[in-house]
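Architecture and fold: a report
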Amino acid sequence: MSQKMTGAQAVLESLKREEVDVVFGLPGGVLLPLYDAIYQSDIRHILVRHEQGAAHMADGYARATGKVGVCIATSGPGATNLVTGIANAYMDSVPMVAITGQVNTWLIGKDAFQEADITGITLPITKHNYLLRSAKDITRVFREAFFIARTGRPGPVLIDLPRDVTVDEVEFSWPEVELPGYRPSFKAHEMQIKKAAKALMEAERPVIYVGGGVKYARAERELIELAVKINAPVTTTLMGVGCFPEDHNLSLGMLGMHGTKYANYAIQESDLILAIGARFDDRVTGKIASFAPRAKIVHIDVDPAEVSKNVRVDIPVVGDAKNALQGLLKEVKPKGRSDWNEKTEGWKKDYPLRYIPDMNIIKPQYVIEKLCEIAPDAIITTEVGQNQMWAAQFFVHKDPQKFISSGGLGTMGYGFPAAIGAKIGRPECDVIDVAGDGSFLMNSQELATAVVNEIPVKVAVLNNGCLGMVRQWQELFFDKRYSATILGRTSPDFVKLAEAYGAVGLRATKPSEVESVIRAAMAVDRPVVMDFIVSPAEKVSPMVPAGATLSEILELEWCDADQYCHLEKIYAQGRKEILGQEGF
Amino acid sequence: MKHTIAVIVENKSGVLTRIAGLFSRRSFNIDSLSVGATDNPDYSRMTITVNGDRDILEQVIKQLSKLINVIRVSELDASESVERELAVIKVNADKESRSEIMQIVNIFRAKIIDVSHRSMIIEVTGDEEKIDAIVQLLRQFGIKELARTGKVSMVRGARVIKA
Ligand SMILES: Cc1ncc(C[n+]2csc(CCOP(=O)(O)OP(=O)(O)O)c2C)c(N)n1
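Values in this document were obtained by computation on a predicted structure and should not be read as measured data. (Residues numbered from 1 in each chain as written. Chains lettered and ligands numbered in written order. Predicted model: local features only at pLDDT ≥ 70, side-chain atom pairs only at ≥ 80, totals over all residues. Heavy atoms only, no water.)

**Observations concerning the overall build of chain A**
The condition is simple: Where helices and strands are cited, they refer to DSSP runs of H or I of at least four residues and of E of at least two residues respectively, numbered from the N terminus. Here the globule rule reads 2.2 Å times residues to the power 0.38, and the radius of gyration is calculated from C-alpha atoms. Summary of the burial criterion: residues with accessible area below 20% of their type's maximum are buried, those above 50% are exposed, and those between are partly exposed, where the area comes from a 1.4 Å probe applied to protein chains only.
Each helix and strand in chain A was counted, giving 23 helices and 20 strands. For chain A, the C-alpha radius of gyration of 24 Å lies close to 25 Å, the compact-globule estimate for 584 residues. Each principal axis of the C-alpha atoms in chain A carries an extent, and together these give about 75 × 60 × 45 Å. For chain A, with 584 residues in total, the buried portion stands at 60%.

**Topic: the site of the ligand**
All names here are of chain A. Note the threshold: It suffices for a single heavy atom of a residue to lie within 4 Å of a molecule or strand for the residue to be listed as near it. We call two N or O atoms a polar contact when they sit within 3.5 Å, provided that within protein one can donate a hydrogen and the other can accept it, with sequence-adjacent residues counted only if both atoms are side-chain atoms. For the accessible areas, the method is Shrake-Rupley and the probe is 1.4 Å, while residue cover comes only from the protein chains on display.
The immediate surroundings of the ligand are formed by 18 residues, with Q386, G410, G438, S439 and G468 found nearest. A distance of 2.9 Å is found between an oxygen atom of the ligand and a backbone nitrogen or oxygen belonging to G438. For the ligand, whose unbound accessible area comes to 580 Å², protein coverage reaches 82%. Of all the secondary structure elements, the ones that give two or more residues to the shell around the ligand are α16 (386-394), α18 (437-440) and α20 (468-477).

**A word on the environment of E128 of chain B**
Residue and element names in this part refer to chain B. This is how it is decided: By the convention used here, residues are in contact when the closest approach between their heavy atoms is within 4.5 Å.
In this fold, E128 is placed in helix α4 (residues 128-138). Taking the relative accessible area as the measure of exposure, E128 reaches 28% and is therefore partly exposed. Along the backbone, E128 and R148 are 20 residues apart, and their C-alpha atoms lie at a distance of 9.9 Å. Excluding its chain neighbours within four sequence positions, the residues that come into contact with E128 are K2, E85 and R148.

**Considerations on the interface of chain B and chain A**
As a reminder of what qualifies: Summed over both partners, the accessible area lost on bringing two parts together, with a 1.4 Å probe, is the buried area. Whenever a carboxyl oxygen of Asp or Glu lies within 4 Å of a side-chain nitrogen of Lys or Arg, that contact is scored as a salt bridge. Classification used: nonpolar for Ala, Val, Leu, Ile, Met, Phe, Trp, Tyr, Cys and Pro, charged for Asp, Glu, Lys and Arg, polar for all others including Gly.
Across the contact, 15 residues belong to chain B and 18 residues belong to chain A. Together, the buried faces of chain B and chain A total about 1,400 Å²; carbon and sulfur atoms form 52% of this surface. Inspection of the chain B/chain A interface yields one salt bridge. Between K66 of chain B and D303 of chain A there is a salt bridge, and its shortest N-O distance comes to 2.5 Å. The interface formed by chain B and chain A holds seven residue pairs in polar contact (both at pLDDT 80 or more) in total. A breakdown of the residues in the side of chain B that touches chain A according to their chemical character gives five nonpolar, five polar and five charged.

**Describing helix α13 (residues 321-331) of chain A**
Residues and elements named next belong to chain A. Turning to α13, its buried residues number three or more, namely A321, N323, A324, L325, G327, L328 and L329. Those residues of α13 hidden inside the fold are in contact with α8 (190-202), α9 (212-216), α10 (220-230), β12 (272-276), β13 (296-301) and β14 (315-318). If you check the start of α13, you find a side-chain oxygen 3.1 Å away from the backbone N of K322, and it comes from D320.

**A short note on the sheet that holds strand β20 (residues 528-533) of chain A**
Residues and elements named next belong to chain A. The cut-off we apply is this: Criterion used throughout: strands pair if DSSP finds at least two bridges between them. Between the N-to-C directions of two axes lies an angle of 0 to 180 degrees, each axis being a line fitted to C-alpha atoms and, for a helix, fitted only over the stretch in contact.
In spatial order, the strands read β16-β15-β17-β18-β20-β19; together these six strands make up an open sheet with parallel pairing. The open sheet terminates on both sides in strands that have one partner only, identified here as β16 (403-404) and β19 (504-508). Across five bridges, the pairing between strand β17 (residues 431-436) and strand β18 (residues 458-463) is parallel. Paired with D433 across the bridge in β18 is V459. Lying on the sheet, helix α15 (residues 364-374) is in contact with β17, β18 and β20; it crosses β18 at an angle near 160 degrees.

**Points about the domain arrangement of chain A**
Residue and element names in this part refer to chain A. Definition in use: Throughout, the edges of the domains are those of an automatic or database domain assignment.
When its domains are assigned, chain A resolves into domain 1 (3-172), domain 2 (190-350) and domain 3 (364-533). When each unit is reduced to the centre of its C-alpha atoms, the spacing between domain 1 and domain 2 is 37 Å. Facing the nine residues of domain 1 at the interface are seven residues of domain 2. Between domain 1 and domain 2 the total buried area reaches about 670 Å² when both faces are included, carbon and sulfur atoms providing 54% of it. Summed over the three residues of domain 1 that lose the most area to domain 2, namely R63, D92 and R153, the buried surface amounts to 66% of that side. One can count two salt bridges joining domain 1 with domain 2. Its salt-bridge partner being E306, residue R153 comes within 2.8 Å of it at the nearest N-O pair. Counting every contact that joins domain 1 to domain 2 gives four residue pairs in polar contact (both at pLDDT 80 or more). By residue class, the composition of the side of domain 1 that touches domain 2 is four nonpolar, two polar and three charged.

So this is what it looks like as structure tokens:
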């Protein structure tokens, strides 16, 4: 049943076979043949207004649905505009296929118009990438790309598509994937499972530490079952938020730099850490030398290279999180409540997440609490900075596909396009981007995409007039020298901005207006930007200063004199670390 | 601490870049790298000498194994393997020094592969120490040019490393 078609048609047929129902992109010269094929196909194409938006939408779509997200950009600047989005997906292990146009094969390497070596550029930020040189390779490469993107530890795969390859005629075939160098692990080793189970049974103070791997393996049910069966408290990373219901009595919430005190205390005091699909990132471990000093570490991960990368692991279990958890469930025996449960629950009571409410100024945390009250089942995406941390802390998360945030790369401008992608993937859900006034402007042009395509996402701008998270660090570590972080009134009027695009704009300046603004936003079936004028001086609390041990976590609003002196000392150290530290 | 690893890769364009890129991105130190086709032309074999402790070596092996085009990664224990390197050396040689150089060449079982009035080219194979030694001895005459291949290595006996 072989059939002759153009390369572009073969691309579309491949996407169809991979069950892709939507792609996010923006055309250009070398993509004309491909876009002509898109025009004649029934695939849904969402035209973005900046290619970075396309990459983040594909990413948000993938995180909300578990399917592979697909984005398309033209050669040269189109392709380079995808780079941040691809790096973002790579850091957070998001299944994605990025398709880029390329100049004709005979022009490659000649600095042709709009030529960029995108496979070279994306080498370190893709799971794998391809430069297609012949139309006959299209179907094989697309099939491999989707397979690689979604299996093992998921990640982005880029396919660079020269113009002539999309024009050439080809006989369609759909070859089986044959990749001798790619054998993703799946089944956990039985011996290791037994060892892990034994360690869990012997532990007196176990903590389960959960990352995004549990979400990708869809192992939440098994996780809850295990935690309950052995009465072990559970803490999650930012990527793992929602994997364990935060209203459960065994939940310790998030750990790390802006995690809860009780999660960090529990980690430091534990005698056994069961890490599942998490990678001991520096934002999670604090000072690595004094991380969980008394704990044996069991590490379940699908990526063998993560084992013992950052911390020494006593019992590695390489395999899929769901498979490993099912194995563990068979091996462990039920354990009753213990002193350890009393202790961790005591900490939960003594050191809750909190803020000082205010009658006159809107506290950003209050906005998040209200969002949670009014739209508890919404998908929350976030930008990066304080807004992100408050969204993680003050919303009660119960579903990992409903908390979507840029973890590894920390990309400002991620949340809004990710929200659009999520809404397209899960139209039945409310989707709210919790934003900062800095971050939102980085991709606010996608308001046009949302309006034109009638994608009713909601944006909650926590408008504090500053690049808040950076300002917080300047307040704490740079003697309040606010270098380049005060936006003040230089941001546009977000209500008018929304209206200019044809979206709805709403504003709350007093705490009493917050609820009505949220209710009004949720009631309309159109894109809405809510502008919450919030307290500018608020800090994210608690906080483990960079380079400090997790137990040295401080509540920034409630420091007593002793702690204050201690804090000053750590800050003096922290400053050195920050100065020597890239990125934020 | 130096470790030698053999890496079997798909013989495709860009694979060397992927491997070199991985080393630089993860700050692994390559001491030497040599590459060539295997008996099966679909695959190439690289011999890479890495500098670092056990933990680093383990990361190198795991990270290399993650590359889609990498088929196999094996550590080669120096005591169980034969290791060879090849060097060609252009050295100053006039009437007076020529015979002394030829003596050195004989002792090292090296070869003279080109002679002119003022210089000659010597070819030598052996392990790293042997090559270092002859280079050292030839220095007194003045080395005009030196090219070394980097190490290739193979396990002695029955064990086989291939795709
Ligand atoms: C693309 C990008 N540029 C810079 C940064 C560094 N950075 C981290 S948080 C932050 C401030 C974000 O400000 P805003 O969006 O207003 O959020 P807030 O912290 O005030 O909630 C900055 C600049 C980043 N993470 N991403």
